[in-house]
Each structure stands twice: as C-alpha cells, then as structure tokens.
Amino acid sequence: MAEITVHQGDLTRQRVDAVVNAANSSLLGGGGVDGAIHRAGGPAILAACRRIRSTDWPEGLPTGRAVATTAGDLPARWVIHTVGPVYDHHDDPAPLLRSCHVESLRVAVEVGARTVAFPAISCGVYGYPVDEAAPVAVAAVADALAELAGRLDEVRFVLFDDASHRAWRAALDRR
Ligand code: APR
C-alpha cells in the first residue's frame, strides 16, 4: 500500500511526480498556493490551463473535479488542478472536499504519476477549518489508495503553517 506522509513546507519545492493545486474554477490563477504554483512554475502552466478552458471545460472546472497540466519549471512533472468547496457555500462541504482528493489521485494515476503532494485544499481563502478538513482529506486519500492498489507509491500532505501541519499530523496519527 502506498505511504501517506505529512510534512511542513512549500508545495512548489516538492520533488514528487505531481503537485495538486488548490485552484478556482477559472483555472486562470489566483493567490495562495495557486499563485505560488504559477509564480514558481512559470507561464507554461497558465497556457495549459487556458487550453483546458477552451476545450474540455469552457464554463470552468466544477468544484470537486481535477485536471492535469505540465508543471513548467517546478521540480514536479505535473500540476493537478482541483477546485475545493468554499466552506460557507455548502451545508455539507465534506463530500466535495473528498472528491477533490479522490479525483486528483484518479488523474495522477491516469498520467502515470507515482508520487503526489497535496496542500490543505480549501483551508485558506475558501475558509475550511483545518480541524474539519484534515480528517476528511486523510480518509479520502486512504480510501482512494485502497481502490488504486499498487498504482501509487507515496501521497504527501505538504502544510504551510503550524496549525494545518498539526491538524494533518493528528488526523494521520488517529488512523
Ligand atoms: N505550499 C503549501 N501550502 C501553501 C502554500 C505553499 N506554497 N501557499 C499557501 N498554502 C496553503 C495555505 O496556507 C492554506 O493552508 O494552502 C492552503 C490552501 O489555501 P489557498 O491557497 O487559499 O486555497 P483555497 O483555500 O483552496 O482557496 C482557493 O484561493 O488562491 C486562490 O485561486 C485560488 O480562488 C482560489 C482560492
């Protein structure tokens, strides 16, 4: 079974096959980790996102779905863009947050990635409390790995701040 690991650090510096971006439905960049990925990865990522918008997703990427692009100048080979739920827009945002993780791993396997790094999706601008998000994210990844047996080697959560790092560490230790 693939390993789930928790780290504190910068997602853009991870030496993995694919990093997951906490994007918005426009796929045209933003702040937070989305901004960091585009800044560090360079214009090739935005160009690939624009192509996706003009072909597969002309109305934008729906919440809970995921698409892959080149990672440009990042150490990773792919960026998997997913759109997390805005916490206050849903009575129960957990299934959508779960979908972000399951769909991102499905896309990772599709492109042939063996190692994947996630940020704390929806836990910044989108307002998802880390203590609620962490167990949902860890359970979603653990369940997806059981389905995708043997197709992935490592799924890494890379948390930027202490609070989310502690929340993910606690969620993983509780499993
Ligand atoms: N590496 C790892 N994690 C990071 C980094 C980084 N370089 N930069 C920010 N983060 C963390 C934030 O601290 C937060 O815990 O990523 C988590 C997700 O926060 P956001 O990036 O704000 O993402 P989200 O809450 O999903 O909101 C998405 O924000 O940036 C815009 O375009 C994006 O509109 C979209 C919205």
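An account of the accompanying structure is given in this report.

Conventions adopted
- Residues numbered from 1 in each chain as written.
- Predicted model: local features only at pLDDT ≥ 70, side-chain atom pairs only at ≥ 80, totals over all residues.
- Heavy atoms only, no water.
- Axes fitted to C-alpha atoms, helices over the stretch in contact; angles between N-to-C directions.
- Helix = DSSP H or I, 4+ residues; strand = E, 2+ residues; numbered from the N terminus.
- Parallel < 35°, antiparallel > 145°, perpendicular 65-115°, else oblique.
- Left-handed = near helix turned anticlockwise from the far one by under 90°.
- Contact = heavy atoms within 4.5 Å.
- Nonpolar A, V, L, I, M, F, W, Y, C, P; charged D, E, K, R; others polar.
- Near = heavy atom within 4 Å.
- Polar contact = N/O pair within 3.5 Å; in protein donor to acceptor, adjacent residues only side chain to side chain.
- Areas by Shrake-Rupley, 256 points an atom, 1.4 Å probe, with all protein chains shown as cover.
- Phe/Tyr/Trp six-rings, centres within 6.5 Å; stacked < 30°, edge-to-face > 60°.
- Salt bridge = Lys/Arg side-chain N within 4 Å of Asp/Glu carboxyl O.
- Buried < 20%, exposed > 50% of the residue type's maximum accessible area, 1.4 Å probe, protein only.

Some points on the packing of helix α4 (residues 130–147) against helix α5 (residues 162–173)
- Two elements in contact, α4 and α5, have axes whose closest approach is 8 Å; the angle formed by their N-to-C orientations is 45 degrees. Between α4 and α5, the angle falls in the class oblique. When you trace α4 past α5, the crossing you get is right-handed. Residues Val130, Asp131, Ala133, Ala134, Pro135, Ala137 and Val138 of α4 touch α5, and the partners they reach there are Ala163, Ser164, Ala167, Trp168, Ala171 and Leu172.
- A breakdown of the residues in the contact of α4 with α5 according to their chemical character gives 11 nonpolar, 1 polar and 1 charged.

A short note on the site of the ligand
- Around the ligand sit 22 residues in total, of which Asn24, Gly31, Val33, Asp34 and Gly124 are the nearest.
- Between the ligand and valine 33, the relevant distance is 2.8 Å, taken from an oxygen atom to a main-chain nitrogen or oxygen of the residue.
- Tyrosine 126 places a polar main-chain atom, nitrogen or oxygen, 3.0 Å from an oxygen atom of the ligand.
- When the free accessible area of the ligand is taken as 700 Å², the share hidden by the protein chains comes to 90%.
- The set of elements that each furnish at least two residues to the shell around the ligand consists of β2 (18–23) and α1 (32–41).
- Sorting elements by how many residues they give to the shell around the ligand places α1 first, with 4 residues.
- Of the residues belonging to the shell around the ligand, the class tally is 11 nonpolar, 8 polar and 3 charged.

Observations concerning the packing of aromatic side chains
- One pass over the full model with this rule turns up 3 aromatic pairs.
- In this structure an aromatic cluster arises from ring pairing among Phe118, Phe157 and Trp168.

Observations regarding the environment of histidine 38
- Assignment of secondary structure puts histidine 38 in helix α1.
- Remark: the alpha-carbon pair of histidine 38 and aspartate 73, spanning 35 residues in sequence, is separated by 9.5 Å.
- Ignoring any residue separated from it by four or fewer positions in sequence, one finds histidine 38 in contact with Asn21, Gly29, Ile45, Leu46, Cys49 and His81.

Some details on the packing of α1 against helix α2 (residues 43–54)
- The contact between α1 and α2 brings their axes to 6 Å, and the two run at 115 degrees. Counted together, Ile37, His38 and Gly41 of α1 and Pro43, Ile45, Leu46 and Cys49 of α2 form the full contact between these two elements.
- Residues that form the contact of α1 with α2 fall into these classes: 5 nonpolar, 2 polar and no charged.

Examining the pattern of salt bridges
- Evaluated as defined, the whole model comprises 7 salt bridges.
- Between aspartate 143 and arginine 98 there is a salt bridge, with its nearest N and O atoms 2.7 Å apart. With aspartate 143 in helix α4 and arginine 98 in helix α3 (residues 94–111), this residue pair connects regions lying 45 residues apart in the sequence.
- For aspartate 143, a relative accessible area of 35% translates into the label partly exposed.
- A salt bridge links arginine 169 to aspartate 173; the nearest nitrogen and oxygen atoms lie 3.4 Å apart. Of this pair, arginine 169 and aspartate 173 both sit in helix α5, 4 residues apart, roughly one helical turn.
- Of the residues examined, arginine 169 reaches a relative accessible area of 33% and is grouped as partly exposed.
- A network of salt bridges, in which partner residues are shared, links Arg65, Glu103, Arg106 and Glu110.

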